Amino acid sequence: MKIEGKAFIITGGCGSIGGEVARHILAKGGIVVIFDLQSPEEGTAKVKTYHEERAFFIQASVDNSSRLEAACSEALKLIPKGSLFGAIHTAAIAPGRKWSNRLKDSINDFEKVLRVNAYGTFTVNAHIADAINSQYPDDGPFAPRETEERGVIINIASAVAHPVPARCITYGPTKTAVIGISQGMADFLGPYGIRVNTVSPAVVASSIMGPDRIPYFVSELEAGAIYPRRVSQPDEVATGIIFLIENSMMNDYELRIDGGWRGSSNWAGPKDPRSNALSLE
Ligand SMILES: NC(=O)c1ccc[n+]([C@@H]2O[C@H](COP(=O)([O-])OP(=O)(O)OC[C@H]3O[C@@H](n4cnc5c(N)ncnc54)[C@H](O)[C@@H]3O)[C@@H](O)[C@H]2O)c1
């Protein structure tokens, strides 16, 4: 399919990967509506640096279902009638706490990250799929469309979604959930002509990592990746996302972008390497 003239909602579009995907879509003549946490003034100022006419901002938290539903209605009014084609759901959090061996200290983080990353993914997919379908007559769910492609949703999981390493004890399982949600959504939305794919990057140079976590991950990639043994750039993730959007045969697929990194246990060694990890996330 061609991106030109089609509109995409990008959650977390003020962030590193979301912002990069926005720039790629805009360069191909598409329209983007960014949902993120910034104030309307801050967010609008940011997305207008992506494109003066074809980039819009709406403040919405992905863990707030009613706000998301309202944001989807607002988005439909901003873009040309019938042009909403998809979503790239990049919004997520990765809270960190100093390493300790008491697991119960992670319970509060788990509740928080589960709500944004897992519940948020389900809610974003549901509202955006409904918004895409609202542009068409309601002819019931079981009318498979062979030719009319209505849209595509891309969710972002992570290389640590499976297997989940110890240092990602709260974040990792929420990304496992993202893969499950994508699979269920792909099966549910197929008859509507909407595809759903997942991208699982390893470590990306981005704000979610924070500067203090990067050196630890660099050493992990150097030890565990096949090639290249380095942190990836947002552009290397964005181009994978664009491929999944443009190729109409790509559906229900998890694209790993990880230099062949298959993760590693954090404890198998003569010295406990967990002492190298700055934090649990
Ligand atoms: N950076 C990495 O190493 C890495 C690796 C694997 C997967 N990922 C995933 O890639 C995606 C993008 O991450 P990134 O690296 O661009 O991070 P980022 O921090 O640069 O961007 C995340 C964006 O999401 C927004 N956000 C956070 N909570 C939100 C909420 N409740 N509602 C709406 N927006 C919210 C933030 O404001 C930010 O703009 C995330 O899903 C992340 O888990 C990142």
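Scroll up a little and you will see the structure.
Rules used in this analysis
Residues numbered from 1 in each chain as written. Predicted model: local features only at pLDDT ≥ 70, side-chain atom pairs only at ≥ 80, totals over all residues. Heavy atoms only, no water. Helix = DSSP H or I, 4+ residues; strand = E, 2+ residues; numbered from the N terminus. Rg over C-alpha atoms; globule rule 2.2 N^0.38 Å. Buried < 20%, exposed > 50% of the residue type's maximum accessible area, 1.4 Å probe, protein only. Contact = heavy atoms within 4.5 Å. Areas by Shrake-Rupley, 256 points an atom, 1.4 Å probe, with all protein chains shown as cover. Lys, Arg positive; Asp, Glu negative; His and termini not counted. Charge placed at Lys NZ, Arg CZ, Asp CG, Glu CD. 1 Å grid on protein atoms, 1.4 Å probe; cavity = no way out; pocket = protein on both sides within 12 Å on 5 of 7 lines; lining within 4 Å. Points joined across faces, edges and corners; volume = space filled by probe spheres on them. Nonpolar A, V, L, I, M, F, W, Y, C, P; charged D, E, K, R; others polar. Near = heavy atom within 4 Å. Polar contact = N/O pair within 3.5 Å; in protein donor to acceptor, adjacent residues only side chain to side chain. Axes fitted to C-alpha atoms, helices over the stretch in contact; angles between N-to-C directions. Left-handed = near helix turned anticlockwise from the far one by under 90°. Expected span 1.5 Å × (residues − 1). Phe/Tyr/Trp six-rings, centres within 6.5 Å; stacked < 30°, edge-to-face > 60°. Lys NZ or Arg CZ within 6 Å of the ring centre and 35° of its normal. Parallel < 35°, antiparallel > 145°, perpendicular 65-115°, else oblique.

Asker: How do you make sense of the overall build of the protein when you look at a structure like this?
Answerer: Across its full length, the protein carries seven helices and nine strands. Relative to its length of 281 residues, the protein is compact, with a C-alpha radius of gyration of 19 Å against a globular reference of 19 Å. Burial status across the protein gives 50% buried among its 281 residues. Of the contacts formed within the protein by residues at least 6 apart in sequence, a portion of 73% connects residues at least 24 apart. Accessible surface computed for the protein: about 13,000 Å², of which carbon and sulfur atoms make up 57%. Side-chain charges in the protein split into 28 positive and 31 negative, and the spacing between the mean points of these groups amounts to 5 Å.

Asker: Got a minute to help me understand the layout of surface pockets in this structure?
Answerer: To find the voids left in a structure, one rolls a probe of water-molecule size over its atoms. Each pocket or cavity is described by its volume, and for the largest pocket that value is around 750 Å³. Lining of the largest pocket is provided by 39 residues; of these, T90, A91, A92, I93 and I208 occupy positions nearest its centre. At the level of secondary structure, the elements contributing two or more residues to the lining of the largest pocket comprise helix 1 (16-27), strand 2 (31-36) and helix 5 (171-189). Class assignment for the residues of the lining of the largest pocket results in 24 nonpolar, 10 polar and five charged.

Asker: For this particular structure, what's the right way to read the site of the ligand?
Answerer: Near the ligand you find 29 residues, and of these D36, Y171, V204, S206 and S207 are the closest. One nitrogen or oxygen atom from the main chain of T90 is found 3.0 Å from an oxygen atom belonging to the ligand. Interatomic distance of 2.6 Å between a side-chain N/O atom of S207 and an oxygen atom of the ligand. Relative to its free-state accessible area of 840 Å², the ligand is covered by the protein chains to the extent of 93%.

Asker: I tried to follow the side chain of T198 on my own but got confused; where do I start?
Answerer: Among the secondary structure elements, T198 is positioned in strand 7 (residues 194-201). Relative accessible area serves as the criterion here: at 3%, T198 is assigned to the buried category. A distance of 2.9 Å separates polar atoms of two side chains, one belonging to T198 and the other to S182. Discounting chain neighbours no more than four positions away, the residues touching T198 are N155, A157, V178, I179, S182, L244, Y253, E254 and L255.

Asker: Hey, could you run me through the packing of helix 3 (residues 65-78) against helix 4 (residues 107-133) in this one?
Answerer: Each packed pair of helices is defined by two parameters, the angle between the axes and the distance between the axes. With their axes 10 Å apart at the nearest point, helix 3 and helix 4 run at an angle of 35° to one another. In this structure, the crossing between helix 3 and helix 4 has a hand that is right-handed. Residues S65, L68, E69, C72 and L76 of helix 3 lie in contact with helix 4, whose contacting residues are Y119, T123, V124, H127, I128 and A131. For the contact of helix 3 with helix 4, the residue count by class is seven nonpolar, three polar and one charged.

Asker: Hey, could you run me through helix 5 in this one?
Answerer: In an α-helix there are 3.6 residues to a turn, and that puts residues three or four apart on one side. In this model, helix 5 (19 residues) spans 27 Å end to end at C-alpha, consistent with the 27 Å of a helix rising 1.5 Å per residue. Burial in helix 5 covers these residues: Y171, G172, T174, K175, V178, I179, I181, S182, M185, A186 and L189. Where helix 5 is buried, its residues meet helix 4, strand 6 (151-156), strand 7 and strand 8 (254-257).

Asker: Is there a simple way to think about the packing of aromatic side chains in this case?
Answerer: Geometrically, a pair of aromatic rings is defined through the distance of the ring centres and the angle of the planes. Scanning the entire structure with this criterion turns up two aromatic pairs. Each ring, one from F8 and one from F85, has its centre 6.1 Å from the other, and the planes form 70°; the classification is edge-to-face. Linking F8 in strand 1 (residues 7-11) with F85 in strand 4 (residues 84-89), this pair joins segments that are 77 residues apart in sequence. In terms of burial, F8 and F85 fall into one category: buried. With 6.3 Å between their ring centres and 15° between their planes, F188 and Y192 make a pair best called stacked. Residue classification places F188 among the exposed positions, given a relative accessible area of 56%. A cation over an aromatic ring shows up here: K6 above the ring of F85, its NZ or CZ 5.2 Å from the ring centre.

Asker: Can you walk me through the packing of helix 1 against helix 7 (residues 234-246) in this structure?
Answerer: Two numbers describe how helix 1 lies on helix 7: the axes approach to 9 Å, and their chain directions differ by 55°. Relative to helix 7, helix 1 is oriented oblique. The way helix 1 lies across helix 7 gives a crossing that is right-handed. Each of S16, I17, E20, V21, H24 and I25 in helix 1 lies in contact with helix 7, whose residues at this interface are P234, D235, V237, A238, T239, I241, I242 and I245. A class-by-class count of the residues in the contact of helix 1 with helix 7 yields nine nonpolar, three polar and two charged.

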